Amino acid sequence: RTGPSGEQPLCGYIENTLFFLPDVNVRVSSLTLLGAIVSAQAPLPEVQLLLHQLTPSGLGDSGSSTPHFSGVPERQGKAPGGPPLSMEKAPAELCWLIRLCISLVVLPREDCYSDSDTGSVSNATILEPSPVRLESLQVLALLVKGYFSVSQSYLLELGEVACRCMEEMDPSIQLHGAKLLDELGMGIIEQHKPDSPVALDQRVPVALVVTFWTRMLNGPLPGALQNSQHPMLQTSTCNALSSILPEAFSGLPADKQILCITVLLGLNHSENPLVKAAAARALGVYVVFPCLRQDVMFVADTANVILTSLSDGSPNVRAKAAWSLGNLTDTLIINMELLGQSFQDEFSDLLLLKMLRAAIEASKDKNKACPSKAMLMNTTHYFSLFMEDAVGLWYIASMRTLRGQELPWTFSGKRLAFQS
């Protein structure tokens, strides 16, 4: 472990390497090393202390001072294709590594490292070489994942970085921007879980999360979701869309909520199994949102696309759909308890029967798509409460079609009983 006397020189040496050395491979290797440090058994108090160290100037023999990250003065400016980054709004306790990586990703280079990097483009608009930018994005994603308490102060700025990456033409940069957005969303969700050790006043405010996702949905995210020429990008942005905090989703403008739902329902008809699986999972996340689960039309639409995905040829799609079916069943049980007969009257009986049949068929799936007994219990328990007579008749009819296969249920009177 690096002692206090070695922390600042180490930071300064790394920054000198990343800014001033002409060899791209050395710079990428330095970033890879940083990524390994921040991902090893994160979070470590030693690393967290290191991340807040301000680097000394004057390290190295070039005569140039290493940039201080109190605004990245030597590299601050307007990134190509967008307004100036709001780095001057950074918190008082700075994280030099986040600011360094942001600088490497979005800000123009000040000089040319080799003729092969420059081409015929003006120096004023030349960004860092693609390998350096990609590795910087990976370091940012690892920082968000392992040290979200450090990264959360840069939430809007990191979101802006993700947007600019998704706007670029390089598919690899677009994909890493989407992954960074996904990590930001997951970090917020983890922080807001009921059992989170983070104090309430230390969490990202819900109002700020609403602002963050509103900006994302006003930016390139919808276009990336519908970019059928780049299915990996669609998959990553689907995952990002499923990482919206439920409390923040209810605070989004109505048109943005409709946009999210419409796009996800449409992507469930994608011909690419990765995209279809991600969309099925995202709908399984949305169907338990408090602001959506009482919307009968949305619940019905979600049920229909899940049923379609359960019969897909891809095991991955069926696995995600089976998981979403479990969430859908939980939502039906909650609605039955909260809304009672009014919800029962609005929801289609035929759709309920289709769901029960799909759950029974899924129990025979030999792949990982086979739902657990607990999920099947939820499904059958809900039907036994919701449609007692109809479910009993359907259950008996279904048993006749299973060719003698023994299932973990028995039928007693008007109730389905689960055998442990």
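Structure: see above.
Small disclaimer: the values here were computed from a predicted structure and weren't measured. (Residues numbered from 1 in each chain as written. Predicted model: local features only at pLDDT ≥ 70, side-chain atom pairs only at ≥ 80, totals over all residues. Heavy atoms only, no water.)

A. Just the overall build of the protein chain, in detail. When its secondary structure is counted, the protein chain shows 21 helices and 2 strands. Among the 420 residues that make up the protein chain, the fraction classed as buried is 52%. Long-range pairs, those at least 24 residues apart, make up 70% of the contacts in the protein chain with a sequence separation of at least 6. Split by element, the accessible area of the protein chain, about 19100 Å² in all, is 55% carbon and sulfur. (Helix = DSSP H or I, 4+ residues; strand = E, 2+ residues; numbered from the N terminus. Buried < 20%, exposed > 50% of the residue type's maximum accessible area, 1.4 Å probe, protein only. Contact = heavy atoms within 4.5 Å. Areas by Shrake-Rupley, 256 points an atom, 1.4 Å probe, with all protein chains shown as cover.)

B. Summary view of the packing of helix α14 (residues 254–267) against helix α15 (residues 273–286). Taken N-terminus to C-terminus, the directions of α14 and α15 make an angle of 140 degrees; their axes are 8 Å apart at the nearest point. When the axis of α14 is compared with that of α15, the two are oblique. As for the relative orientation of α14 and α15, their crossing is left-handed in sense. Residues Cys 260, Ile 261, Leu 264, Leu 265 and Leu 267 of α14 form the contact with α15, whose own contacting residues are Val 275, Lys 276, Ala 279, Ala 282, Leu 283 and Tyr 286. A class-by-class count of the residues in the contact of α14 with α15 yields 10 nonpolar, no polar and 1 charged. (Axes fitted to C-alpha atoms, helices over the stretch in contact; angles between N-to-C directions. Parallel < 35°, antiparallel > 145°, perpendicular 65-115°, else oblique. Left-handed = near helix turned anticlockwise from the far one by under 90°. Nonpolar A, V, L, I, M, F, W, Y, C, P; charged D, E, K, R; others polar.)

C. How the structure looks around helix α16 (residues 296–310). In this model α16 runs 21 Å from its N-terminal to its C-terminal C-alpha over 15 residues, within 8% of the 21 Å that 1.5 Å per residue would give. Of all the 15 residues making up α16, 11 are buried; the element is thus mostly covered by neighbouring parts of the structure. Those residues of α16 lying buried are Val 296, Phe 298, Val 299, Ala 300, Thr 302, Ala 303, Val 305, Ile 306, Leu 307, Ser 309 and Leu 310. Next to the buried residues of α16 lie α14, α15, α17 (315–339), α18 (341–346) and α19 (349–362). N-cap assignment for α16: the residue whose side-chain oxygen lies 3.2 Å from the backbone N of Met 297 is Asp 295. (Expected span 1.5 Å × (residues − 1). Polar contact = N/O pair within 3.5 Å; in protein donor to acceptor, adjacent residues only side chain to side chain.)

D. Broad picture of the side chain of His 230. Mapped onto the secondary structure, His 230 falls in the loop between α11 (221–225) and α12 (231–241). Of the residues examined, His 230 reaches a relative accessible area of 13% and is grouped as buried.

E. Geometry of the pattern of salt bridges. Counted according to the given criterion, the structure contains 5 salt bridges. In this structure, Glu 128 engages Arg 27 in a salt bridge whose closest nitrogen and oxygen atoms are separated by 3.0 Å. Linking Glu 128 in the loop between α5 (115–118) and α6 (130–146) with Arg 27 in helix α2 (residues 24–39), this pair joins segments that are 101 residues apart in sequence. Considered together, Glu 128 and Arg 27 belong to a single accessibility category, that of buried residues. Measuring nitrogen to oxygen at the nearest pair gives 2.9 Å for the salt bridge that ties Glu 190 to Lys 193. (Salt bridge = Lys/Arg side-chain N within 4 Å of Asp/Glu carboxyl O.)

F. Spotlight on the packing of aromatic side chains. All told, the structure shown has 5 aromatic pairs when counted by the stated rule. Here the aromatic rings of Tyr 286 and Phe 289 are separated by 5.0 Å at their centres, their planes lie at 25 degrees, and the arrangement is stacked. Residue Phe 289 is classed as buried on the basis of its relative accessible area, which comes to 2%. These aromatic residues form a ring-pair network of at least three members: Phe 249, Tyr 286 and Phe 289. (Phe/Tyr/Trp six-rings, centres within 6.5 Å; stacked < 30°, edge-to-face > 60°.)

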